[in-house]
Amino acid sequence: MTHAADTSATSGLPSQKRTTLRIAVLTFTAIGAIAGSLFVMKRDVPASCPGELIGAWKTAAAGYENGMLVITSQTVTFSVGGEHLEAQAVRRLETAPDGPRILYTLVYGPSRRDEQTLSLYYHTRDRTLRFKNQSHLVWTKASVAS
């Protein structure tokens with residue numbers, strides 16, 4: 001008789017352990033799903049460009065006389081010879097100080113699949129831009145007539 005009481009008492013323990021384990025697994029799964037969705041939502045928020053980059057930039061270099069680079073807080077637009085290309089959302093922005101200049105790497109595009117990268121140096125003293133791969137081109141912020 002004692003034996004029967006022992007088996008009934010021990011048979012309930014594995015069931016309790018399974019229930020506790022199921023609750024723990026479901027809790028961790030729910031927390032992971034919430035954290036993952038928050039991470040994805042945060043990644044899709046456009047990056048915000050700093051004030052020194054915001055504006056219309058021009059260069060006097062040959063071949064770029066009618067060209068312009070326009071940067072807003074969340075978009076980048078290129079125009080060449082009066083032909084404007086569509087504004088693209090800045091998806092990510094990396095900053096790396098480099099002496100008297102700052103290297104900005106803008107990742108932009110309509111979707112992650114169509115992302116492009118623009119790396120440029122902002123020179124803090126003369127307030128100019130130079131593309132990392134075209135350092136001979138000096139871009140200055142165009143003044144706005146009011």
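Note that the structure is predicted; figures quoted are calculated from it, not measured.

1. What to know about the overall build of the protein
Working step 1: Counting secondary structure elements, the protein contains one helix and nine strands.
Working step 2: Written out in order from the N terminus, the α and β elements of the protein read α-β-β-β-β-β-β-β-β-β.
Working step 3: The proportion of buried residues among the 146 residues of the protein is 24%.
Working step 4: For the protein, the accessible surface area stands at approximately 10,100 Å², while carbon and sulfur atoms represent 59% of it.

2. Focus: the pairing of strand β5 (residues 88-98)
Working step 1: Sheet topology places strand β3 (residues 75-80) next to β5; two bridges connect them, and they run antiparallel. Paired with V76 across the two strands is Q88, which belongs to β5.
Working step 2: Here β5 pairs with strand β6 (residues 101-108) via eight bridges, running antiparallel. Bridged to V90 within β6 is Y108.
Working step 3: Counting the residues in the hairpin turn of β5 and β6 gives two residues, including G99, whose phi is positive at 65 degrees.

3. What to know about the nonpolar core
Working step 1: Counting residues in hydrophobic clusters, the biggest one holds 20 residues, and the most contacted among them are L53, L69, I71, L120 and L129.
Working step 2: With four residues, the top contributor of residues to this core is β6.
Working step 3: Each residue touching L120, except ones within four places of it in the same chain, is listed here: L53, I102, L103, Y104, L106, L129, R130, F131 and K132.

4. Considerations on the confidence of the model for the protein
Working step 1: Mean pLDDT over the protein stands at 78; residues scoring 70 or higher make up 67%.
Working step 2: Considering only residues more than four positions removed or in separate chains, one finds that residues 1-11, a stretch of pLDDT under 50, has zero contacts.

5. Some remarks on the pattern of salt bridges
Working step 1: Enumeration over the complete set of coordinates arrives at three salt bridges.
Working step 2: The salt bridge partner of E115 is R91, with a shortest N-O separation of 3.3 Å. Of this pair, E115 sits in the loop between β6 and β7 (116-123) while R91 sits in strand β5; the two residues are 24 residues apart in sequence, bridging distant segments of the chain.
Working step 3: A residue is classified by how much of its surface remains accessible, and E115, at 26% relative accessible area, is partly exposed.
Working step 4: Close ionic contact of R92 with E115 constitutes a salt bridge, the shortest N to O distance being 2.9 Å.

6. Brief notes about the environment of Y108
Working step 1: Note on placement: Y108 falls in strand β6.
Working step 2: On the basis of relative accessible area, Y108 is assigned to the buried category, the value being 8%.
Working step 3: Residues Y108 and V76, spaced 32 residues apart in sequence, show a C-alpha to C-alpha distance of 7.5 Å.

Procedures and definitions
Residues numbered from 1 in each chain as written. Predicted model: local features only at pLDDT ≥ 70, side-chain atom pairs only at ≥ 80, totals over all residues. Heavy atoms only, no water. Helix = DSSP H or I, 4+ residues; strand = E, 2+ residues; numbered from the N terminus. Buried < 20%, exposed > 50% of the residue type's maximum accessible area, 1.4 Å probe, protein only. Areas by Shrake-Rupley, 256 points an atom, 1.4 Å probe, with all protein chains shown as cover. Pairing = 2+ DSSP bridges. Core = buried A, V, L, I, M, F, W, Y, C linked by side-chain atoms within 4.5 Å. Contact = heavy atoms within 4.5 Å. pLDDT = per-residue confidence, 0-100. Salt bridge = Lys/Arg side-chain N within 4 Å of Asp/Glu carboxyl O.

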